[in-house]
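# Residue-level structural notes
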Amino acid sequence: MSRSAPADTKPVASSATTGERRGTRRRRGIAGTTMSFWLFVGPFVVGLLIFSYLPIIWSLVLSFFEAYNTVTPSKFVGLQNYVDMLTDHNFLSSLGTFTIFAVFIVPLTFVLSLALALLVNQVKIARAFFRSVFFLPTACSYVVASLIWRLSIFNGVRFGLANTVLGWFGVDGIAWLSTVDPPWYWIPIVSVRLWLQLGFYMILFIAGLQRISPTLYEAAYVDGAKPGWQVFRYITLPQLRATSVAVLILNLIAAYQAFDEFYNLIGNVNYARPPLVYLYGISLGSIQDLGHGSAGALILAVIIMIVTLLQGRIFGFGKAGD
């Protein structure tokens, strides 16, 4: 009996040692994975904190203080900056400018990007080429595109591209960027934004189209549906519901953030000035009123958040089945 005891305990000890080694390797593997994760993600997290979250927090602080020509708060004023911005005619007018811009840009972007996606998705030859051609403007800088529109296409002189085309039909040239009645300046502003962003939303719609099962179209044809509008209305468009809502929300948020095309095409003018251009003039203009500028920026952020949530609620974005 005394000799059999070591033989019985040896396998137990060996199993325990093996389990400890496995546990040690597992902990080392987890530690190594964690280290690798933070090695790659850490710089982005630090950059996000320094360049995004800290400025937002400091802007919130400044909105309750007077801060002229400095980012250091000087005198606590409470909610007075918010009251001043909400009663400021110029700020409210800038929100009206955005509304007009959104009325133009959101439906046009939705319809044209969907049309491009349908056309490119049906191409059998060189499909990747056409996708690249329409997507390429997305990589262009808004500033560069705006300057091209301003100096070459809609410069308002006789040899500008737009006025040259009008001259072929015997129409006099138009000062596109300075004519208020009628407001011709909306044509260059809307057209440059369309040229820059159509390719991005086209790619989103193409991704949505590729998720639609071909069996749905086959079943529709068996039931007698005609190719074209009927299939698009009852098959394609309902299946693109989630993508359509995402495009609308992203497009509306981008419209709220319009700055480059307005500022580089027509500058800080009263008749066409979106909120960001007006807030830029307040915060970094001659008076450098960072208190009121911060309050206006936070008001704009709250408006964007509310409109986005309402839009998602109305269209049911994020529901099960999307």
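A short tour of the structure in this document, coming up. Here the structure is a predicted model, which is why all the values come from computation and not from measurement.

### Things to note about the nonpolar core
Within the largest apolar cluster, 61 residues are counted, with the highest numbers of intra-cluster contacts made by M85, F101, I189 and F262. Those residues within four positions of I189 in sequence are excluded, and the remaining contacts are F101, E261, F262, L265 and I266.

### Points about the layout of surface pockets
Of the volumes computed, that of the largest pocket is approximately 490 Å³. If you go around the largest pocket, you meet 16 residues; those closest to its centre are P55, S59, G293, S294 and A297. A per-element tally of the lining of the largest pocket places helix 13 (residues 290-315) first, with six residues. Its residues assigned to classes, the lining of the largest pocket comprises 12 nonpolar, four polar and no charged. Taken as a whole, the second largest pocket encloses approximately 380 Å³ of empty space.

### Things to note about the packing of aromatic side chains
Taken as a whole and assessed by the stated rule, the structure comprises 20 aromatic pairs. With a centroid separation of 5.0 Å and an interplanar angle of 50°, the aromatic rings of Y185 and Y271 are classed as tilted. Of the two residues, Y185 is situated in the loop between helix 6 (161-168) and helix 7 (186-210) and Y271 in the loop between helix 11 (260-265) and helix 12 (275-284); the sequence distance between them amounts to 86 residues. You can call Y271 partly exposed: its relative accessible area is 28%. For the ring pair F259 and Y280, a centre distance of 5.4 Å and an interplane angle of 65° mean the geometry is edge-to-face. Of this pair, F259 sits in the loop between helix 10 (241-256) and helix 11 while Y280 is found in helix 12, placing the two residues 21 residues apart along the sequence. Residue Y280 is classed as partly exposed on the basis of its relative accessible area, which comes to 33%.

Scoring rules and cut-offs
Residues numbered from 1 in each chain as written. Predicted model: local features only at pLDDT ≥ 70, side-chain atom pairs only at ≥ 80, totals over all residues. Heavy atoms only, no water. Core = buried A, V, L, I, M, F, W, Y, C linked by side-chain atoms within 4.5 Å. Buried < 20%, exposed > 50% of the residue type's maximum accessible area, 1.4 Å probe, protein only. Contact = heavy atoms within 4.5 Å. 1 Å grid on protein atoms, 1.4 Å probe; cavity = no way out; pocket = protein on both sides within 12 Å on 5 of 7 lines; lining within 4 Å. Points joined across faces, edges and corners; volume = space filled by probe spheres on them. Helix = DSSP H or I, 4+ residues; strand = E, 2+ residues; numbered from the N terminus. Nonpolar A, V, L, I, M, F, W, Y, C, P; charged D, E, K, R; others polar. Phe/Tyr/Trp six-rings, centres within 6.5 Å; stacked < 30°, edge-to-face > 60°.

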